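Chain residues, written in single-letter form:
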Amino acid sequence: MPTPIDWLMEPPPGYRGEFRAPQPVVPRGSWYFDATRNELVYVPNLDAHLERLADGSKRLRFRVRLDFEPAEPDSERKLIAGMRVEPVAPYTWFYR
């Protein structure tokens, strides 16, 4: 099954692939696709000013949302009109 990374011209720097483990061991600055939850995950390189999330981690999780529009008037067929990458949970990255 394709992942959102497959839709890009090239993967982001640090992309490590698809995993089914809840928190695979990857270096800081890495992206990966969590195939179990269908989420893109970023492990920040510099996370000193990133508040821990509700689950206690500092891994930022994102979902891709597709926007659709009718292919033709009065048609049930739909075309992709846009795509958004949205955080699964809010996070705060602050500076002191």
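The preceding data block contains the structure.
Residues numbered from 1 in each chain as written. Predicted model: local features only at pLDDT ≥ 70, side-chain atom pairs only at ≥ 80, totals over all residues. Heavy atoms only, no water.

This next bit is on the overall build of the protein chain. Of the regular secondary structure elements, the protein chain holds zero helices and five strands. Shown N-terminal to C-terminal, the secondary structure of the protein chain runs as helices and strands in the order β-β-β-β-β. Structurally, the protein chain occupies a C-alpha span of about 55 × 30 × 25 Å along its principal axes. Across the 96 residues in the protein chain, those meeting the buried criterion constitute 28%. Counting only contacts in the protein chain whose residues sit at least 6 apart along the sequence, the fraction spanning at least 24 positions is 30%. Approximately 7100 Å² of the protein chain is accessible, and the part contributed by carbon and sulfur atoms is 53%. Between the centroid of the 14 positive side chains of the protein chain and the centroid of its 14 negative side chains there is a distance of 10 Å. (Helix = DSSP H or I, 4+ residues; strand = E, 2+ residues; numbered from the N terminus. Buried < 20%, exposed > 50% of the residue type's maximum accessible area, 1.4 Å probe, protein only. Contact = heavy atoms within 4.5 Å. Areas by Shrake-Rupley, 256 points an atom, 1.4 Å probe, with all protein chains shown as cover. Lys, Arg positive; Asp, Glu negative; His and termini not counted. Charge placed at Lys NZ, Arg CZ, Asp CG, Glu CD.)

Overall, mixed pairing links the five strands, which are arranged β1-β2-β3-β4-β5 in an open sheet. In this open sheet, the two strands that pair with only one neighbour each are β1 (15–19) and β5 (78–87). Recorded for the sheet is a direction-independent mean angle of 25° between the axes of neighbouring strands. Examined bridge by bridge, strand β4 (residues 60–70) and β5 share nine bridges and lie antiparallel to one another. Residue Phe62 lies in a different strand from β5, and its bridge partner there is Pro87. (Pairing = 2+ DSSP bridges. Axes fitted to C-alpha atoms, helices over the stretch in contact; angles between N-to-C directions.)

On to the pairing of β4, then. Here three bridges tie strand β3 (residues 39–43) to β4, and the two strands are oriented antiparallel to one another. Within β4, the residue paired with Tyr42 across the bridge is Leu60.

Here we take up the layout of surface pockets. There is about 260 Å³ of room inside the largest pocket. Every residue lining the largest pocket is counted, 15 residues in all, and those nearest its centre are Met1, Pro2, Pro4, Phe33 and Asn38. Elements supplying a minimum of two residues to the lining of the largest pocket: β3 and β4. Considering every element that reaches the lining of the largest pocket, the biggest residue donor is β4, with three residues. Of the residues belonging to the lining of the largest pocket, the class tally is nine nonpolar, two polar and four charged. (1 Å grid on protein atoms, 1.4 Å probe; cavity = no way out; pocket = protein on both sides within 12 Å on 5 of 7 lines; lining within 4 Å. Points joined across faces, edges and corners; volume = space filled by probe spheres on them. Nonpolar A, V, L, I, M, F, W, Y, C, P; charged D, E, K, R; others polar.)

Quick look at the pattern of salt bridges now. When the charged atoms of two side chains with opposite charge come close together, those side chains can pair. Taken as a whole and judged by the stated rule, the model has eight salt bridges. Across the pair Arg28 and Asp47 runs a salt bridge, and its minimum N-O distance is 3.0 Å. In this pair, Arg28 is assigned in the loop between β1 and β2 (30–34) and Asp47 in the loop between β3 and β4, connecting sequence segments 19 residues apart. Linking Arg65 and Glu86 is a salt bridge whose minimum nitrogen-to-oxygen distance equals 3.2 Å. Of the two residues, Arg65 is situated in strand β4 and Glu86 in strand β5; the sequence distance between them amounts to 21 residues. (Salt bridge = Lys/Arg side-chain N within 4 Å of Asp/Glu carboxyl O.)

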